[in-house]
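Structural overview
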Amino acid sequence: MYHYAVVGNPVEHSKSPQIHAIFAEQTGQDLEYTAKHVEAHEFEKFVRGFFSGDGLGLNITVPYKETAYALADVCSRRATLAKAVNTLYLDVENKIVGDNTDGTGLVTDVKNNHQFEIRNKNILLLGAGGAVRGVLAALVEQDPGAITILNRTVSRAQQLSSEFGALADVNAQGYEGFQGKEFDLIINGTSLSLEGKLPPIDSAIISGNCCCYDMMYGSEDTAFVRWAKNNGAYLALDGIGMLVEQAAESFAIWRGIRPETAAVIALLKSH
């Protein structure tokens, strides 16, 4: 049996073990995938011990994605751009490789599952933390028209703009004084939805064919998804699809086979 796990703190709420169990059954893979609650001071010791034993792959969740990036011996281009890692595995030389499948998960959900094209679109990203950083590389690869990063602390948005500005038209603004034009794709990368709150934005920024995407999810529509639906968004989506698609990308890296995701997404949404 092959051993995999997701590491975080907290991690008890994680849906990853359920998702990967379905993937394993679907693809005929004999593997065990568990959730591991690890304290910060034990993270590196746990990861190295996992791989020196019989562990083959780890998913990394909050708050350890940046720590995992620093720990990895080698990183993929997308992880290097994000400066964050959510997937670890060993290469043929037994080096710990870091990758980031978050952005691919988001893009796959938007484009493949909901048939929403990102190319040439005017994108608004709400927030400038780890969640936004993790998906920016995948978004700029889609050749968008422009990306605006809106954040309470403008300097954090400006930092991302300076890092990714050579790859696409990326600009930074603060909420205060923000005069929004219309956007085609609005992505909420803040955690405000988990508190039932919204970023201070006006519904006038929603274009006629706008996709509003909340990277967070809950047992019912998030505050951001409700706001989008109430204000006429063409699509109002939560992050369940992204969660499953990033898991599928990790699974494909580890096992060399890509699982089907539609039924898993439908199952999680029904629950």
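Just so it is clear, the structure is predicted and the values come from calculations on it, not from any experiment. (Residues numbered from 1 in each chain as written. Predicted model: local features only at pLDDT ≥ 70, side-chain atom pairs only at ≥ 80, totals over all residues. Heavy atoms only, no water.)

**Some points on the nonpolar core**
Test applied: Note on terminology: a nonpolar core comprises buried Ala, Val, Leu, Ile, Met, Phe, Trp, Tyr and Cys residues joined through side-chain atoms within 4.5 Å. Relative accessibility decides the category of a residue: with a 1.4 Å probe and only protein chains considered, values under 20% of the type maximum give buried, values over 50% give exposed, and everything between is partly exposed. Secondary structure counts use DSSP, requiring at least four H or I residues in a row for a helix and at least two E residues in a row for a strand, with both numbered from the N terminus. A contact between two residues is defined here by any heavy atoms of the two lying within 4.5 Å.
Judged by nonpolar contacts, the single largest core of 32 residues is most densely connected at Leu125, Leu139, Ile147, Ile149 and Ile187. Of all the elements in the fold, those that place two or more residues in this core are α5 (102-113), β7 (122-126), α6 (130-140), β8 (146-151), α7 (154-164), β10 (183-188), β11 (206-214) and β12 (235-237). Among the elements that take part in this core, α6 stands out by supplying seven residues, more than any other. When sequence neighbours within four positions are dropped, the list of residues in contact with Leu125 reads Val132, Leu136, Leu139, Ile147, Thr148, Ile149, Leu150 and Ile187. Ranked by size, the runner-up nonpolar core spans 18 residues in total, among them Val11, Ile19, Leu243 and Phe251.

**Remarks on the sheet that holds β12**
Strand pairing in a sheet relies on backbone hydrogen bonds. The paired strands run either parallel or antiparallel. Our working rule: Paired strands, as defined in this entry, are two strands with at least two bridges between them according to DSSP. As a rule, the C-alpha atoms of each element are fitted with a line to give its axis, helices using only the stretch in contact, and angles between N-to-C directions run from 0 to 180 degrees.
One open sheet holds the six strands; their spatial order is β9-β8-β7-β10-β11-β12, and the pairing between them is parallel. The outermost strands of the open sheet, each flanked by one partner alone, are β9 (170-174) and β12. Averaged over all pairs of adjacent strands, the angle between strand axes in this sheet comes to 20°, irrespective of strand direction. Of the strand pairs in this sheet, β8 and β9 are connected by five bridges, and their pairing is parallel. Considered in β9, the bridge of Asn151 is made with Gly174.

**Observations concerning the packing of helix α9 (residues 240-255) against helix α10 (residues 262-270)**
The cut-off we apply is this: What sets the label is the angle itself: under 35 degrees gives roughly parallel, over 145 gives roughly antiparallel, 65 to 115 gives roughly perpendicular, and the rest give oblique. Two helices that cross are described as forming a left-handed crossing if the nearer one is turned anticlockwise from the farther one by less than a right angle, and a right-handed crossing if clockwise. Three categories are distinguished: nonpolar for Ala, Val, Leu, Ile, Met, Phe, Trp, Tyr, Cys and Pro, charged for Asp, Glu, Lys and Arg, and polar for the others, with Gly belonging to the last.
As a packed pair, α9 and α10 sit with axes 10 Å apart at the nearest point and diverge in direction by 140°. By the angle class used here, α9 and α10 are oblique. For the pair α9 and α10, the crossing hand works out as right-handed. Contacts from Ile240, Gly241, Leu243, Val244 and Glu245 of α9 reach α10 at Val264, Ile265, Leu268 and Lys269. Broken down by class, the residue content of the contact of α9 with α10 amounts to six nonpolar, one polar and two charged.

**Looking at the pairing of strand β2 (residues 31-37)**
Keep this limit in mind: Orienting the strands away from the viewer, one traces the path from the first strand over the helix to the second; a clockwise path indicates a right-handed crossover.
For strand β1 (residues 2-8) and β2, the ladder comprises seven bridges, and the chain directions are parallel. Within the sheet, the bridge partner assigned to Tyr4 lies in β2 and is Tyr33. With helix α1 (residues 16-27) bridging β1 and its parallel neighbour β2, the resulting β-α-β unit is right-handed.

**Examining the sheet that holds strand β3 (residues 55-60)**
An order of β2-β1-β3-β5-β6-β4 is seen for the six strands of this open sheet, with the pairing classed as mixed. Looking at strand neighbours, the two that pair on one side only are β2 and β4 (74-75), the edges of this open sheet. Bridge count for strand β5 (residues 87-90) against strand β6 (residues 96-99) is four bridges, and the pairing is antiparallel. Note on β6: the bridge partner recorded for Leu90 is Ile96. Here α1 sits on the sheet and contacts β1, β2 and β3; the angle it forms with β2, its principal contact strand, is near 175°.

**Notes on the side chain of Gln29**
The criterion, for reference: Between N or O atoms, a polar contact is any pair within 3.5 Å; within protein, one atom must be a potential hydrogen donor and the other a potential acceptor, and residues adjacent in sequence are included only when both atoms are from side chains.
With respect to the secondary-structure elements, Gln29 resides in the loop between α1 and β2. A polar side-chain atom of Gln29 sits 2.7 Å from a polar atom in the side chain of Arg255. Leaving out residues up to four positions away in the same chain, Gln29 has contacts with Ala24, Phe251, Arg255 and Ile257.

**Remarks on unusual backbone geometry**
Asn9 connects to Pro10 through a cis peptide bond whose omega is 5°. By the secondary structure assignment, Pro10 is in the loop between β1 and α1. Positioned with a positive phi, Lys83 is a non-glycine residue whose angle comes to about 55°. On the secondary structure map, Lys83 appears in the loop between α4 (77-82) and β5. A positive phi is found at Gln115, a non-glycine position, where the angle reads about 50°. With respect to the helices and strands, the residue Gln115 is situated in the loop between α5 and β7.

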